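Understanding the architecture of this molecule
Residue-level listing of the chains:
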Amino acid sequence: MKKFTVCLLIGAMAASMLTGCGSNGGSSDSSDSKADSSSETMTIMMNGSDSDAFMEGYRKIVDGFNESNEYGVKVEIQNITNADYKTKLTTMMASDSEPDIIFTWPLGYLENFVNGDKVVSIQKYLDEDEDWKNSFNEGILDPLTYDGEVYAIPTQQSTAIMYYNKAIFDKYGLEVPTTYDEYVQICDTLKENGVTPVALASTADDAWLVSQYIQQLSDGIKGEDLFNSLKDGTGKWNDEGMVEAGKLFQEEVNKGYFEDGFTGVSREEAQLQFANGQTAMYFNGCWEISNLDKKENAAEAENISCFLMPAVNEEYAGVEVGSVDTSYAITKNCKNVDAAVALLKYMTNEESTSLLLYDYGRTPSTNFDIDNSKLTPLCADFINLLGDVKVQTPWFDRVDTDLGNEFNNTTIGIANGDDVQEAFDTLQSYAESKSK
């Protein structure tokens, strides 16, 4: 047994930072826990598809709450695919038809709803329950705090990682890279032997994954200082560090490090290629653990492990893309806020967080004693990596919705061959036009 005390290392992020990239794929809407006619019905909207293994865990938690809560409330789940989530919620917010509880990204995405008076402050409930407030990892509520008030509760934290197939690595005598040069050598060796090195999705809906890759490269080139300067507006998008990251990525594309036609490959397709052993690596995030750690979900599950993408400049090792994740806010449409808060407490109690960790690889947002023997090997490997994380830089589309999405689109252009310098010059010009 050991205490899970991994803190969210996010540097000096201000509460005014802006929006969220998707972290879960999806395919369809659904609902669970059908309420009987005598019960009050409450709806929670989640980001995920029926094919995402972790959704089963959240359904179990909601079912448990429905069976045990003292409010006579029956909660129904509506799960929306990541590709559709933002559009769906924006439409509902505009028509004042949003559900009682919503999945939200932190920082600026949630800030829009706070400023629009669309969500309820949870601060007084935290203050009234010190045990609940103190159960969260240090700093993890900060990206959900505005003017000293917490407006959403996180159920996990996330980090970008590289998954790899141990059997393929062993076959060609490869070891986990500790430097970027070693990573390049691995990719070259795999290419020489007819093996596709990396699966990476980069359709329009998955643009955030390409931007995540380039952001991770930039973290390893200039560290959190570059991120912080772009966050607070003192830096420039065409900074030499960002341009270098874009050029390195384009070099990798031109060398054929990614799957054929990768600019048209979706997250689900990229994941499947890796899960079936068609590529040696797969770049995504820790939220994919539950889709890769069991044989029923991934044919190569027993061979899958993970590592942190090595920094281009070793002095910036441990600066990783990541942040608080899978957070839920209560909307002003909710007629029973006490019951909604009770659900959020239930979702973050030790029983629920243990279920999400042990069975679905969801990294907890709270502190509790964990039993390492209950972790899947892949989840255990990931948790061991967290000790090497020094600071996390949230996805840029969580820092600023508009600029972040422009960054995503810029990286897709780079993946398709756009001149890197010109692409980031254009992005910087756009940023300057917004600040006037």
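Description of the structure in this document.

About the thresholds
- Residues numbered from 1 in each chain as written.
- Predicted model: local features only at pLDDT ≥ 70, side-chain atom pairs only at ≥ 80, totals over all residues.
- Heavy atoms only, no water.
- Phe/Tyr/Trp six-rings, centres within 6.5 Å; stacked < 30°, edge-to-face > 60°.
- Helix = DSSP H or I, 4+ residues; strand = E, 2+ residues; numbered from the N terminus.
- Buried < 20%, exposed > 50% of the residue type's maximum accessible area, 1.4 Å probe, protein only.
- Lys NZ or Arg CZ within 6 Å of the ring centre and 35° of its normal.
- Expected span 1.5 Å × (residues − 1).
- Core = buried A, V, L, I, M, F, W, Y, C linked by side-chain atoms within 4.5 Å.
- Contact = heavy atoms within 4.5 Å.
- Axes fitted to C-alpha atoms, helices over the stretch in contact; angles between N-to-C directions.
- Parallel < 35°, antiparallel > 145°, perpendicular 65-115°, else oblique.
- Left-handed = near helix turned anticlockwise from the far one by under 90°.
- Nonpolar A, V, L, I, M, F, W, Y, C, P; charged D, E, K, R; others polar.
- Disulfide = S-S within 2.5 Å.
- Pairing = 2+ DSSP bridges.
- Right-handed = clockwise from strand over helix to strand, strands pointing away.
- Patch = residues over 30% accessible without salt bridge, like charges linked within 9 Å, V, L, I, M, F, W, Y side chains within 5 Å.
- Areas by Shrake-Rupley, 256 points an atom, 1.4 Å probe, with all protein chains shown as cover.
- Salt bridge = Lys/Arg side-chain N within 4 Å of Asp/Glu carboxyl O.
- Lys, Arg positive; Asp, Glu negative; His and termini not counted.
- Charge placed at Lys NZ, Arg CZ, Asp CG, Glu CD.

What follows concerns the packing of aromatic side chains. The final tally for this structure, using the stated rule, is 29 aromatic pairs. When the ring of W237 is compared with that of F407, the centres are 5.3 Å apart and the planes differ by 35°; the resulting orientation is tilted. Placement of W237 in the loop between α8 (207-232) and α9 (240-254) and of F407 in helix α16 (residues 401-415) is noted, with a sequence separation of 170 residues between them. For the residue pair W237 and F407, the accessibility class agrees, reading buried in each case. Each member of the aromatic cluster is reached from another via a ring pair, and the members are F54, Y58, Y85, F103, W105, Y109, F113 and Y328. In this structure, R362 is placed above the aromatic ring of F54, and the distance from its NZ or CZ to the ring centre is 3.9 Å.

Moving on, we come to helix α1 (residues 54-68). The first and last C-alpha atoms of α1 sit 22 Å apart over 15 residues, in line with the 21 Å expected at 1.5 Å per residue. For α1, the complete set of buried residues consists of F54, M55, G57, Y58, R59, I61, V62, G64, F65 and N66.

In this section: the nonpolar core. Core analysis: the largest hydrophobic core is formed by 85 residues, its most contacted members being Y163, Y213, F249 and M281. Per-element tally for this core: the top contributor is α8, with 11 residues. Residues contacting F249, with those up to four places away along its chain left out, are L200, V210, Y213, I214, L217, F258, F262, T411, I414 and A415.

Attention shifts here to the packing of α1 against helix α12 (residues 337-347). Across the interface, α1 lies against α12 with an axial gap of 10 Å and an inter-helix angle of 130°. By the angle between their directions, the pair α1 and α12 is classed as oblique. Here α1 and α12 pass one another in a crossing that is right-handed. In this structure, α1 contributes Y58, I61, G64, F65 and S68 to the contact, and α12 contributes A339, A342, L343, Y346 and M347. Here the residues of the contact of α1 with α12 sort into eight nonpolar, two polar and no charged.

Using the criterion set out here, one finds zero disulfides in the structure. The cysteine C306 is free of any disulfide, with C379 supplying the nearest cysteine sulfur at 9.0 Å. Classification of C306 as buried rests on a relative accessible area of 6%.

Mapped onto the fold, Y125 is located in helix α4 (residues 123-128). Overall, Y125 belongs to the buried group, its relative accessible area being 12%. Taking the C-alpha atoms as reference, Y125 lies 59 Å from E192; in sequence the two are 67 residues apart.

In regular strands, side chains alternate between the two faces of the sheet. In the sheet, strand β2 (residues 40-47) pairs with strand β3 (residues 73-80) via eight bridges, with the strands oriented parallel. Of the residues in β3, the one forming a bridge with T43 is E76. With α1 bridging β2 and the parallel β3, this β-α-β connection has right-handed handedness. Direction of pairing for β2 relative to strand β4 (residues 101-104): parallel, over a ladder of two bridges.

As a further point, take a negative patch on the surface. Judged by side-chain charge, E175, D181, E182 and E314 come together as a negatively charged surface patch. As for its position among the elements, E175 is in the loop between α6 (166-171) and α7 (180-192).

As a further point, take the packing of α8 against α9. A packed helix pair is summarised by two numbers, namely the angle formed by the two axes and the spacing between the axes. Running from N to C, α8 and α9 point in directions that differ by 160°, and their axes come no closer than 9 Å. By the criterion of interaxial angle, the relationship of α8 to α9 is roughly antiparallel. Relative to α9, α8 is oriented so that their crossing is right-handed. Each of V210, Y213, I214, L217, S218, I221, K222, L226 and L230 in α8 lies in contact with α9, whose residues at this interface are E240, G241, M242, E244, A245, G246, L248, F249 and E252. Taken together, the residues of the contact of α8 with α9 sort by class into 11 nonpolar, three polar and four charged.

Counting across every chain of the model gives 13 salt bridges. Notably, a salt bridge pairs E268 with R267, separated by 3.8 Å at the nearest N-O pair. The salt bridge partner of D293 is K294, with a shortest N-O separation of 3.3 Å. Given a relative accessible area of 23%, K294 falls into the partly exposed group. Beyond isolated ion pairs, a larger network of salt bridges with shared partners links D52, R267, E268 and E288.

On to the pairing of strand β7 (residues 153-165). In terms of burial, β7 is a largely internal element, 13 of the 13 residues being buried. Examined bridge by bridge, β7 and strand β9 (residues 279-285) share five bridges and lie antiparallel to one another. Bridge assignment links I161 to a residue of β9, and that residue is N284. The pairing of β7 with strand β10 (residues 304-307) spans four bridges and is classified as antiparallel. Bridging across to β10, M162 finds its partner in F307.

Any functional reading would require information that these geometric values do not contain.
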